[in-house]
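Okay, here's what each chain looks like letter by letter:
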Amino acid sequence: MNGIMNTTVCSVARPLHKSALVAGLLLCLIVTATGCGRTPAASFRLNMVEATKQRLTTEQEKQVATVLLAMFGTPDEPVCLPETGLDEAKLRLSAGPVRSDIVGRKNGLYREHCAHCHGVTGDALGPTAAFLNPYPRDYRPGVFKFKSTERADKPTHADLVRVLHNGIPGTSMPSFALLSAAQVDALAEYVKYLSIRGETELALMRAFFELDDDALGKLPESREFLVDETLAPIAEKWKTAADAQIAVPPMPTGIDLVASIAKGKELFYGDKANCVKCHGVTGLGDGQANDYDDWNKAIVEINKEITSGSEKARETSTSGMSAEDLDEHRKQIAWLAKFDNVLDGDALRPRTIPPRNLRHGIYRGGRRPLDLYYRIHAGINGAPMPAAKGTVPPEDIWHIVNYIRSLPYELDGELGADKPMLARDRF
Amino acid sequence: MPTALSLTQRISALFSPAVVRPTLIAVSIFASPLVGSADEWGTIKGRFKFGGTAPKQADLKADKDPEVCGKHKLLAEELVVAEDGGVANVVVFVRDKSVKVHPDLAAGKNEKVVLDNKDCRFEPHVAVVQTGQQLVLKNSDTVGHNSNVATVKNPPSNSLIPAAGESTITFQSDEAIPAQVTCNIHPWMKSWIVVRSNPYAAVSKADGSFELKNVPAGDLELQFWHEKAGYLGEMTIGGKSEKVAKGRKKVKVAAGDNDLGELVLDASLFSK
């Protein structure tokens, strides 16, 4: 993968792999501090977890990397095809190393503010990531949690701007309210760019499996396949996100708040909305607490496959195997070892996602009643929290919102005055 | 295109406006048009058998809603082998997307497919649904469930399905790999949906048998999948071991019955 996967630090080419990104970033700092003069070129990391999962050959990995480079450029020189609908000027403001441009405007916003958590590639493998819970978002699957659109739909540009402006309370994701509106806007555009790039990468890697035998393991080098069939449908979902916005009816009138809260409580514990099953009879989030979100679950499942595959490989006797079977057996062992190795550098130890403790009054997706309405209506994309849409009528969702908002102050509930709550459970 | 160009040059040329786009032979990676004789139809059948000693289905611990779910004897269904070795829940489908559809089968698309949450498990364990066909996620239990549908090519969904309730979804495109459906409230509950753009998909029954009716006669490619084994890479057909890369097997379908006989799946395939 020379050329694509290599990074140049002060004219010294060193291969980028695994945690080399961390080392690379540190090197950049050292290099700049000691006045090396040249800014090192950064490169995107290939999604090695998916490449290994799909058992891609080095040639196939190279084909994907080459296509991505041509379609999206590099972290220093982003490009975008018109089909993406992205604004290259905004991307340039966000991309590259931190610097001032000719009119004295700050460039390199993403690397200044985001990369140490979300990674240069948007793979959530920045140097800080491993220490955080929850982990930063890996943008590459194109899945976002806190938005105004239906569950499987993309966030709108305004949703991303809101997340950046407010941060994600209760997590390490900070607020960027101190940046200018133009800077936040450029960063939101860059998040979309990294997502579309990551989704395209995933789609390309998965397409090898579906190739006919006569394709000889190569993706078609045609615009029709690469752009019309692969990139365009992904970009389209981003372009049309605003159409997928949830229609929210006004909060029901003609019912006083106390009555609405009582209704919401009944629904919360009732069989239909069933919130209690996960958030617990106490509302402390202690119901179904050992589940994972999609990013972490993917790693849990790969871990399982490696463990059981290795166990089997260990138990398999090779005596009496045909040459062909022996070859396959060895390939399988090599693949398992490679995967284990790839996970070491390209995945973090899976963390569970407990249902929210609703007595804190801290809401990651925003605390406006409207935000809670969106969360309950659509569920949380990528997380176990299901959508109430279609099951719970809109006015009932509003009653639940009112109940949720009252929970941190509830005096006569499961944890009411007669059953005092421990301070450590509340916070 | 001249072969002297490097991979990088060839790819960049595709996106550079300055270059006149070479006319490419449309290499669609999916469809290969079928050559079959006019209007002859055949039935493909066979029976999957387990090669070796099948492990016992493990007991599942129903620790959520135990007063309802604990009443049922729940067993892990990731590998279900009958006493005589028949392997259930093996998926067989025709891979060619442009396959001609028998007129009798076309109407089947208007019927609803039901995936029921019943006795704290999914029924059926593997459901087949066509693009555009309605899939009803139903709940016959007295406790609430949710159905987390992890499709890849179609938008995934995750809806609450209250007791006696239901929710209907449809799909636009085929799924290359069957998609898992789980319940987050009762984590032991797992099932699969096979999404195809034609009616030629079957799931082997408890005795291991399957049947694809009214398939166009001619050359076809079948694909075999099982949740524990993935795409089945190898099977013994008629006593002869065959490698079937990615679970794909080319068959020549004759009018009338095409019995593949016993397809033996070695125990080593199921170690994932």
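Residues numbered from 1 in each chain as written. Chains lettered and ligands numbered in written order. Predicted model: local features only at pLDDT ≥ 70, side-chain atom pairs only at ≥ 80, totals over all residues. Heavy atoms only, no water.

## Observations regarding the overall build of chain A
Step number 1: Looking only at helices and strands, one finds 16 helices and four strands in chain A.
Step number 2: Counting over 427 residues, chain A shows a buried share of 52%.
Step number 3: Excluding contacts between residues fewer than 6 apart, the proportion of contacts in chain A whose partners are at least 24 apart in sequence is 67%. (Helix = DSSP H or I, 4+ residues; strand = E, 2+ residues; numbered from the N terminus. Buried < 20%, exposed > 50% of the residue type's maximum accessible area, 1.4 Å probe, protein only. Contact = heavy atoms within 4.5 Å.)

## Examining the domain arrangement of chain B
Residues and elements named next belong to chain B.
Step number 1: Here chain B is partitioned into domain 1 (40–99 + 200–272) and domain 2 (101–198).
Step number 2: The distance between the C-alpha centroids of domain 1 and domain 2 comes to 19 Å.
Step number 3: Each partner contributes to the interface: domain 1 provides 28 residues, whereas domain 2 provides 26 residues.
Step number 4: At the boundary of domain 1 and domain 2, one finds two salt bridges.
Step number 5: A salt bridge links Lys-97 to Asp-174, with the shortest nitrogen-to-oxygen separation between them at 3.8 Å.
Step number 6: Taken together, the connections running from domain 1 to domain 2 amount to eight residue pairs in polar contact (both at pLDDT 80 or more).
Step number 7: The biggest single contributor to the side of domain 1 that touches domain 2 is strand β2 (residues 91–94), with three residues. (Domains from an automatic or database assignment. Salt bridge = Lys/Arg side-chain N within 4 Å of Asp/Glu carboxyl O. Polar contact = N/O pair within 3.5 Å; in protein donor to acceptor, adjacent residues only side chain to side chain.)

## Re the environment of A:Leu284
Step number 1: Note on placement: A:Leu284 falls in the loop between α11 (276–279) and α12 (294–315).
Step number 2: Judged by relative accessible area, A:Leu284 falls into the buried class, the value being 17%.

## So, the sheet that holds strand β17 (residues 240–243) of chain B
Residue and element names in this part refer to chain B.
Step number 1: Read from one edge to the other, the open sheet built from five strands follows the order β13-β1-β19-β16-β17, with strand pairing classed as mixed. Each edge of the sheet is formed by a strand with only one pairing partner; in this case those strands are β13 (209–216) and β17. Pairwise comparison of adjacent strand axes, ignoring direction, gives a mean angle of 30° for this sheet.
Step number 2: Taken together, the four bridges between strand β16 (residues 234–237) and β17 define a ladder with antiparallel strand orientation. The partner of Thr-236 across the bridge, within β17, is Ser-241. (Pairing = 2+ DSSP bridges. Axes fitted to C-alpha atoms, helices over the stretch in contact; angles between N-to-C directions.)

## Some remarks on helix α8 (residues 181–210) of chain A
Step number 1: When the terminal C-alpha atoms of α8(A) are compared, their 44 Å separation across 30 residues agrees well with the 44 Å that a helix rising 1.5 Å per residue should span.
Step number 2: Taken across its 30 residues, α8(A) has 25 buried, putting it largely inside the fold. (Expected span 1.5 Å × (residues − 1).)

## Comments concerning the pairing of strand β9 (residues 166–169) of chain B
All names here are of chain B.
Step number 1: Here β9 shows a buried face lined by Ser-167 and Ile-169 and an unburied face lined by Glu-166 and Thr-168.
Step number 2: In this structure, strand β6 (residues 135–139) lies alongside β9, joined through four bridges in antiparallel fashion. Within the sheet, the bridge partner assigned to Val-136 lies in β9 and is Thr-168.

## Side note on the interface of chain A and chain B
Step number 1: Contact with chain A, which involves 53 residues of that partner, is made by 48 residues of chain B.
Step number 2: Taking both sides of the interface into account, the surface hidden between chain A and chain B amounts to around 4200 Å²; carbon and sulfur atoms contribute 55%.
Step number 3: The interface formed by chain A and chain B includes seven salt bridges.
Step number 4: At the surface where chain A touches chain B, the tally comes to 20 residue pairs in polar contact (both at pLDDT 80 or more). (Buried area = accessible area lost by both parts, 1.4 Å probe.)

## Observations regarding the packing of aromatic side chains
Residues and elements named next belong to chain A.
Step number 1: Enumeration over the complete set of coordinates arrives at 16 aromatic pairs over all chains.
Step number 2: Measuring from ring centre to ring centre gives 4.8 Å for Tyr-373 and Trp-398, while their planes differ by 45°; the resulting arrangement is tilted. Note that Tyr-373 is positioned in helix α14 (residues 369–378) and Trp-398 in helix α15 (residues 394–406), a separation of 25 residues in sequence. Here Tyr-373 and Trp-398 have matching classes, each one buried.
Step number 3: Here the aromatic residues Phe-44, Phe-72, Tyr-110, Tyr-190 and Tyr-193 are joined through ring pairs into a cluster of three or more. (Phe/Tyr/Trp six-rings, centres within 6.5 Å; stacked < 30°, edge-to-face > 60°.)

## Regarding the side chain of A:Thr171
Residue and element names in this part refer to chain A.
Step number 1: The topology assignment puts Thr-171 in the loop between α7 (157–166) and α8.
Step number 2: In terms of polar contacts, Thr-171 uses its side chain to reach the backbone carbonyl oxygen of Ile-168, at 2.8 Å.
Step number 3: Side-chain polar atoms of Thr-171 contact the backbone nitrogen of Met-173, separated by 3.0 Å.
Step number 4: When near neighbours in sequence (up to four residues on either side) are disregarded, Thr-171 contacts Pro-134 and Arg-364.

## Remarks on unusual backbone geometry
Step number 1: Of note, the amide linkage connecting A:Asn133 to A:Pro134 takes the cis form, showing an omega dihedral of 0°.
Step number 2: Of note, A:Pro134 is situated in the loop between α6 (115–118) and α7.
Step number 3: The residue after B:Glu123, namely B:Pro124, is reached through a cis peptide bond having omega -5°.
Step number 4: The phi dihedral of B:Cys120 is positive, around 60°, even though this residue is not glycine.

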